[in-house]
Amino acid sequence: MNRSLPRWLRLLGMLAALLTATLAAAQSARADALFAVQVLREGGCGGAVPAAKPLHRDPLLDWSAAQWAAGRPLLTATQRSGYHAKSTAGWHVTGPDTSLIQLLRRSDCRKIASPTLRDIGVYRQGEDTWLVLATAYVQPMRSQAPTLATRALQLVNQVRAQGARCGARPFAPAPPLTLSSTLADVALGHASDMAEHNYFEHQDLAGQSPADRVRAVGYREKLVGENIAYGPQTVEEVVQGWLDSPEHCENIMDPRFAEMGLGYAAGEAGERRGLYWVQLLAAPRD
């Protein structure tokens, strides 16, 4: 019957089919892990369960997923990130972006669509994808962190505005820093990890540097610096301690840095029961 149609009409039909296939391919190419999970939740796993609200992307869970991919148990990875989980679930799937919806649908889709899960973290390496879905407890210390971070920023920017001498090296006034919630989450994760595992180093137990931890949550950096401290009980004390140390002071006064994050956690292991502090400084890429 198609042969009886005019040639131009058959060509038009072929072009329409080609356009439809192209649009479908483009949509499939967008089916990355986060997109795939949101589609499954909003569609109730193809109508098998009630639709669920979209998840919130949490940088701490991105780091949890990266730690899990590095070989740490899922619960340990989540605890080390500083995310205080009430419930946690994880998926590791292997395949191209275009197959993620199908792969996840076959991997306990009902759990993916659980309305009790609120946040998501993603880590991708090649065709391997690690997903961490969780719901957090409300943490009083974390809710107070913005106040302390704001005070730390004020103290740091006062010094940067005046200029300072770090040991024998003078520094001219530098532009003010701004707070970054992403850097704050990474700083909190490292402070919590040191507090839990009783160590005090810039390199964590997985061998990651400050720059590695920042990149793991998707922050695109030109430069990263980190100051750590153990023992101070107030933000004024910890900032002054960093300013009294030439190397830490140089980090604070470096005019290349534009953003800052602050995290702290109480020691949980061994004899170290004081506060661990982490200040992250970074210059994002333009």
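Higher on the page you've got the structure.
Bear in mind the structure is a predicted one, so any value in this text is a computation, not a measurement. For every chain, the first residue of its written sequence is number 1, and the numbers climb from 1 along that sequence. Where local features are concerned, this predicted model is filtered to residues with pLDDT of at least 70; where side-chain atom pairs are given and counted, the filter is 80 or more; whole-chain, interface and lining totals use all residues. Processing note: side-chain calculations cover all non-hydrogen atoms of the structure and skip hydrogens and water entirely.

S.K.: Honestly, the nonpolar core in this entry has me stumped. Any pointers?
M.R.: Note on soluble globular proteins: their nonpolar side chains tend to be buried together. In terms of nonpolar packing, the biggest core is built from 26 residues, with V239 and W277 touching the most fellow members. Every helix listed is a DSSP run of H or I at least four residues long, and every strand listed is a run of E at least two residues long, numbered separately from the N terminus. Elements with a minimum of two residues in this core: α8 (140-162), β5 (164-166), α11 (235-244), α12 (246-253), β9 (259-266) and β10 (275-284). No other element matches the six residues that α8 contributes to this core. Should any heavy atoms of two residues lie within 4.5 Å, those residues are considered in contact. The residues touching V239, leaving out its near neighbours within four places in the chain, are A152, L155 and V156. To define a nonpolar core, start from buried Ala, Val, Leu, Ile, Met, Phe, Trp, Tyr and Cys residues and group those joined through side-chain atoms within 4.5 Å. Classification of residues uses two cut-offs on accessible area relative to the type maximum, computed with a 1.4 Å probe and protein chains only: under 20% is buried, over 50% is exposed, and between them is partly exposed. Grouped together as the second largest cluster of nonpolar side chains are 22 residues, L40, L103, L104 and V122 included.

S.K.: Looking at this model, I keep getting lost on the pattern of salt bridges. Mind explaining?
M.R.: Pairing is possible between side chains of opposite charge, provided their charged atoms come close. Definition used for salt bridges: Asp or Glu carboxyl oxygen within 4 Å of a side-chain nitrogen of Lys or Arg. Counted by the stated rule, this structure contains eight salt bridges. In this structure, R213 and E226 form a salt bridge, with 3.0 Å as the shortest nitrogen-oxygen distance. With R213 in helix α10 (residues 210-216) and E226 in strand β8 (residues 221-230), this pair connects stretches of sequence that are 13 residues apart. Across the pair, E226 and R213 agree in class, each one buried. In this structure, R215 and E221 form a salt bridge, with 2.8 Å as the shortest nitrogen-oxygen distance.

S.K.: Could you clarify how one ought to interpret the environment of E259 in this entry?
M.R.: Its location among the elements puts E259 in strand β9. Sequence separation between E259 and A282 is 23 residues; the distance between their C-alpha atoms is 5.4 Å. Not counting residues up to four positions away in its chain, the partners in contact with E259 are L177, T178, S180, L183, Y219, L280, L281, A282 and P284. Polar contacts involving the side chain of E259 include one to the side chain of Y219, which spans 2.6 Å. Pairs of N or O atoms are called polar contacts if they sit within 3.5 Å, as long as, within protein, a hydrogen donor faces a hydrogen acceptor (for residues adjacent in sequence, only side-chain-to-side-chain pairs).

S.K.: In this structure, what is going on with the packing of helix α4 (residues 59-69) against helix α9 (residues 181-197)? I would like to understand it.
M.R.: To characterise two packed helices, one gives the angle between the axes of the helices and the distance between these axes. Note on method: axes are straight lines fitted to C-alpha atoms, helices fitted across the in-contact stretch only, with angles between N-to-C directions ranging 0 to 180 degrees. Direction vectors running N to C along α4 and α9 enclose 50°, while the axes themselves pass 9 Å from each other. Classified by the angle between their axes, α4 and α9 sit oblique to one another. Our pair here, α4 against α9, has a crossing hand that is right-handed. Across the interface between the two elements, P59, L60 and W63 of α4 pack against D185, V186, G189 and H190 of α9. Oblique is the label for any angle not covered by the other classes, which are roughly parallel (under 35 degrees), roughly antiparallel (over 145) and roughly perpendicular (65 to 115). Crossings are sorted by hand: turned counterclockwise from the far helix by less than a right angle, the near helix makes the crossing left-handed, and turned clockwise it makes it right-handed.

S.K.: I'm lost on unusual backbone geometry in this one. Help?
M.R.: One can expect most non-glycine residues to show negative phi and most peptide bonds to be in trans. Notably, D108 is not glycine yet its phi reads approximately 60°, a positive angle. Relative to the helices and strands, D108 resides in the loop between α6 (100-105) and α7 (109-112). By relative accessible area, D108 is classed as partly exposed at 44%. In this structure, N198 is a non-glycine residue whose phi angle is positive, near 60°. As for its position among the elements, N198 is in the loop between α9 and α10. Judged by relative accessible area, N198 falls into the partly exposed class, the value being 32%.

S.K.: Hey, could you run me through the pairing of strand β4 (residues 128-136) in this one?
M.R.: Counting buried positions along β4 gives seven out of nine residues, so the element sits mostly inside the fold. Two strands qualify as a pair provided DSSP detects at least 2 bridges between them. For strand β2 (residues 85-94) and β4, the ladder comprises nine bridges, and the chain directions are antiparallel. Pairing of A89 across the sheet is with L133, part of β4. Pairing analysis gives seven bridges linking strand β3 (residues 119-125) to β4, with the strands arranged antiparallel. Note on β4: the bridge partner recorded for R124 is T129. Here β3 folds back onto β4, and the loop between the two strands holds two residues, one of which, G126, carries a positive phi near 65°.

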